[in-house]
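So the chains spell out like this:
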Amino acid sequence: MKKISAEKIEDGMVLGRDVCGASGSILLSKGSSLSQSMGRRLINWGISFVYVEGEEVHEQEENSATTSPEELRSQLMEKFSNTINNPIMKKLFVAVYQYKLQKSSK
Amino acid sequence: MSARKSLKSKLENISNLPTLPTVIDRITKLLQNPKTSAEEIGKAITTDQALASKVLKLVNSAFYGFPGKISTITHAIVILGFATVKNIVLTASIFDAFRGKGKNVTGFDLEQFWFHSIACGAASQSIAKHIGSTEKEECFIAGLIHDIGKLIIYRNLPEDFESLLKHSKDNSVLFYQSETELFDITHQEAGGMLAEKWNLPKNLRNAVLYHHTPSQNRDYYLTTAIVHCADIIVRAFDYGNGGDNRIPCINENVWKNLGLDDTNLAALFESIEDEIKKATVFIQLT
């Protein structure tokens, strides 16, 4: 069995362990056959790794690139650019930025 | 100003709009009678076996808080209550109505669309909980369906849909704004048409019809107000994508009336994130 990042799921791979969601419910059970599109769904739902059947291979370092505070700020700024003059949107922008920053530093 | 193209008449003449199963009508009628038993409702739901199994799947998910413990529809009604089960049936039916892919449209990712919709439902539910509203389940459905008008355009007029996506992208504007610039109908109205045809409760209909323009909403204000805010928060956090990469401007009155101006936003964001994780089960229905 090997652990792979969800992005690397390919059609025909077989799940080696159950994938659990928040509070432990089973989303996909062991033995399910996987596909690339299923991998994308898992990523959407915040699942980054799965165990699949097969030989262990050396994976390169798992997702090394985390977003820097500056990048985070400019990404958000782009989204908010049309609305940032509104005082509530500004407040929301700050709150979202701080929340994301705090999460990414954990 | 250039002439706007007419989509309205085309949409009004579509003969194969998605339908909801007849069981929804039957349950609604049964629920109007105070003497109806859990068993009768259970029976009505299980006449549609495919639907019943989806309902059980949802009931047993983490989202409703009884993972893996409920084995029959009647049991579900006893534990969760009539209203909740009716909402679950409605949710499962909505997913059924829009099951499957339409044509390939450049720049549109149906999965991201559903993720945005489900996340907006979960966020609406969290906001309702946060402000102590009793309408949280309905808010989930309202958020889930707020953009169904887009799906109607996507499925029936894919070329027009594509031009809307392109216009939004090229000009960095909201999908909604592109609609008002290019056509004579928006996804709010298209969705409102369907919600009316489906005979959905007025608060759900209004949330679809006014989520971008809550100040035009005259009655059943709360659900619309909540979905308006949830949509904006979900976009700020990039939970999925409904067709454009922008954030609409908040309606200040709505934000303040909901009491969100002096609330702990970080706590709200946290609960939204949790709720979205629990809503994982819905992606299996798309």
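The rules behind the values
Residues numbered from 1 in each chain as written. Chains lettered and ligands numbered in written order. Predicted model: local features only at pLDDT ≥ 70, side-chain atom pairs only at ≥ 80, totals over all residues. Heavy atoms only, no water. Helix = DSSP H or I, 4+ residues; strand = E, 2+ residues; numbered from the N terminus. Buried < 20%, exposed > 50% of the residue type's maximum accessible area, 1.4 Å probe, protein only. Contact = heavy atoms within 4.5 Å. Areas by Shrake-Rupley, 256 points an atom, 1.4 Å probe, with all protein chains shown as cover. pLDDT = per-residue confidence, 0-100. Buried area = accessible area lost by both parts, 1.4 Å probe. Salt bridge = Lys/Arg side-chain N within 4 Å of Asp/Glu carboxyl O. Nonpolar A, V, L, I, M, F, W, Y, C, P; charged D, E, K, R; others polar. Core = buried A, V, L, I, M, F, W, Y, C linked by side-chain atoms within 4.5 Å. Pairing = 2+ DSSP bridges.

### Overview of the overall build of chain A
When helices and strands are counted, chain A shows three helices and four strands. Going residue by residue from the N terminus, the α and β elements of chain A occur as β-β-β-α-β-α-α. Across the 106 residues of chain A, 37% fall into the buried class. Considering only intrachain contacts with a sequence separation of at least 6, the fraction spanning at least 24 residues in chain A is 57%. Here chain A has roughly 6,700 Å² of accessible surface; of this, 48% comes from carbon and sulfur atoms.

### Structural notes on the confidence of the model for chain B
Per-residue confidence for chain B gives a mean pLDDT of 93, with 99% of residues at or over 70. Both scores are available for the predicted complex, with the pTM at 0.82 and the ipTM at 0.87.

### Let's talk about the interface of chain B and chain A
Think of interface size as the accessible area that goes away when the parts come together; that is how it is often given. Counting residues at the interface gives 35 residues for chain B, matched by 27 residues for chain A. For the chain B face of the interface with chain A, the top three residues by lost area are B:Glu111, B:Arg246 and B:Ile247, together amounting to 19%. Viewed at the interface, chain A and chain B are joined by five salt bridges. With a shortest N-O distance of 3.2 Å, A:Arg41 and B:Glu111 are connected by a salt bridge. Elements with a minimum of two residues in the side of chain B that touches chain A: helix 7 (110-130), helix 14 (221-236), helix 15 (252-257) and helix 16 (265-278) of chain B. In terms of residue count, the dominant contributor to the side of chain B that touches chain A is helix 16 of chain B (eight residues). Residue classes in the side of chain B that touches chain A are distributed as 18 nonpolar, six polar and 11 charged.

### Regarding the nonpolar core
Nonpolar side chains in soluble globular proteins generally cluster together in the buried interior. Ranked by internal contacts, the top residues of the largest apolar core, which has 111 residues, are A:Phe80, A:Leu92, B:Ile233, B:Trp255, B:Phe269 and B:Phe282. With near-sequence residues (within four places) excluded, B:Phe282 lies in contact with B:Leu58, B:Phe63, B:Tyr64, B:Thr91, B:Phe95, B:Ile118 and B:Phe140.

### Things to note about the environment of A:Leu92
Summarising the element assignment, A:Leu92 is placed in helix 3 (residues 87-105). C-alpha separation for the pair A:Leu92 and A:Leu15, spaced 77 residues apart in sequence, amounts to 40 Å. Sequence-distant contacts of A:Leu92, that is, excluding residues within four places in its chain, are made with A:Phe80, B:Ile232, B:Ile233, B:Trp255, B:Leu265 and B:Phe269.

### Describing the side chain of B:Ser61
All names here are of chain B. Within the fold, Ser 61 resides in the loop between helix 4 (49-59) and helix 5 (73-80). Ser 61 gets classed as buried once you look at its relative accessible area, which sits at 5%. Once you skip the residues sitting within four places of it in the chain, Ser 61 turns out to touch Phe 66, Pro 67 and Val 281.

### Regarding the pairing of strand 4 (residues 49-52) of chain A
Residue and element names in this part refer to chain A. Only one face of strand 4 is covered, namely the one carrying Val 50 and Val 52; the face carrying Phe 49 and Tyr 51 has none of its residues buried. For strand 1 (residues 2-5) and strand 4, the ladder comprises four bridges, and the chain directions are antiparallel. The partner of Ser 5 across the bridge, within strand 4, is Phe 49.

### A short note on the pattern of salt bridges
Residues and elements named next belong to chain B. This structure, assessed with the given rule, holds 15 salt bridges over all chains. A salt bridge links Lys 10 to Asp 160, with the nearest nitrogen and oxygen atoms 3.4 Å apart. Of this pair, Lys 10 sits in helix 1 (residues 8-12) while Asp 160 sits in helix 10 (residues 158-171); the two residues are 150 residues apart in sequence, bridging distant segments of the chain. Overall, the relative accessible area of 37% leaves Lys 10 in the partly exposed class. Residue classification places Asp 160 among the buried residues on the basis of a relative accessible area of 6%.

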